[in-house]
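Close look at the chain arrangement
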Amino acid sequence: MKKNICIVVANYYPKISKALIIGSSKILKSKGIKKYKLIKVPGIFEIPYAIKKNINRFDAFIALGCVIK
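Computed from a predicted structure; not experimentally measured.

It is worth spelling out the overall build of the chain at this point. Each helix and strand counted, the chain has two helices and three strands in total. Traced from its N-terminal end to its C-terminal end, the chain shows the element sequence β-α-β-α-β. The C-alpha atoms of the chain give 12 Å as radius of gyration, which agrees with the globular expectation for 69 residues (11 Å, within 12%). Along the first, second and third principal axes, the C-alpha atoms of the chain reach 40 × 25 × 15 Å.

Right, here's the structure in full:
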């Protein structure tokens, strides 16, 4: 069964976001999932909105973001 996966990433810290995307894609590939959609949003507060907007288009979401206080 083919899974339709979406990664939603907050791109506020580009270097950290890039590392998170690389790590997630490696895990997906190790599980046999080679195709996925990547949605970049400006910050962490936009992640839930992006998921809500696309909830019917994908089987699963991976939400990636970083908050540094």
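We now examine the pairing of strand β1 (residues 5-10). Burial of β1 is extensive: six of the six residues sit out of reach of the surface. Burial of β1 is two-sided: the residues Ile5, Ile7 and Val9 facing one way and the residues Cys6, Val8 and Ala10 facing the other way are all buried. Where β1 meets strand β3 (residues 60-64), five bridges bridge the pair, whose relative direction is parallel. Looking at the pairing, Ile5 lines up with Ala60 of β3. Pairing of β1 with strand β2 (residues 37-41) involves five bridges; the strand directions are parallel. Across the sheet, residue Ile7 finds its bridge partner in β2, namely Leu38.

One simple way to see leftover space: roll a probe sized like a water molecule over the atoms. Each pocket or cavity is described by its volume, and for the largest pocket that value is around 170 Å³. Together, Lys2, Lys3, Asn4, Ile5, Gly32, Ile33, Lys34, Lys35, Tyr36, Lys37 and Phe58 line the largest pocket. Here the lining of the largest pocket is built from residues that sort into four nonpolar, two polar and five charged.

One can find Ser24 in helix α1 (residues 14-30). Look past the residues within four positions of Ser24 in its chain and what remains in contact with it is Ile7, Ile62 and Leu64.

Turning next to the packing of aromatic side chains. The geometry of an aromatic ring pair is captured by the separation of the ring centres together with the interplanar angle, meaning the angle of the planes. Taken as a whole and assessed by the stated rule, the structure comprises two aromatic pairs. Judged by centre distance (5.0 Å) and plane angle (85 degrees), the ring pair of Tyr12 and Tyr13 falls under edge-to-face. Using a relative accessible area of 27% as the deciding quantity, one classes Tyr13 as partly exposed. Here the aromatic rings of Phe58 and Phe61 are separated by 5.6 Å at their centres, their planes lie at 70 degrees, and the arrangement is edge-to-face.

Here the focus is the nonpolar core. If you look at the biggest cluster of nonpolar residues, it comprises nine residues: Cys6, Val8, Ala10, Ile39, Val41, Ile47, Ala50, Ile51 and Phe58. Other than its neighbours up to four places away in sequence, Val8 contacts Ile39, Val41, Ile47, Ala50, Ile51, Phe61, Ile62, Ala63 and Leu64. Grouped together as the second largest cluster of nonpolar side chains are seven residues, Ile7, Leu28, Ile33 and Leu64 included.

Each value, and the rule that gives it
- Residues numbered from 1 in each chain as written.
- Predicted model: local features only at pLDDT ≥ 70, side-chain atom pairs only at ≥ 80, totals over all residues.
- Heavy atoms only, no water.
- Helix = DSSP H or I, 4+ residues; strand = E, 2+ residues; numbered from the N terminus.
- Rg over C-alpha atoms; globule rule 2.2 N^0.38 Å.
- Buried < 20%, exposed > 50% of the residue type's maximum accessible area, 1.4 Å probe, protein only.
- Pairing = 2+ DSSP bridges.
- 1 Å grid on protein atoms, 1.4 Å probe; cavity = no way out; pocket = protein on both sides within 12 Å on 5 of 7 lines; lining within 4 Å.
- Points joined across faces, edges and corners; volume = space filled by probe spheres on them.
- Nonpolar A, V, L, I, M, F, W, Y, C, P; charged D, E, K, R; others polar.
- Contact = heavy atoms within 4.5 Å.
- Phe/Tyr/Trp six-rings, centres within 6.5 Å; stacked < 30°, edge-to-face > 60°.
- Core = buried A, V, L, I, M, F, W, Y, C linked by side-chain atoms within 4.5 Å.

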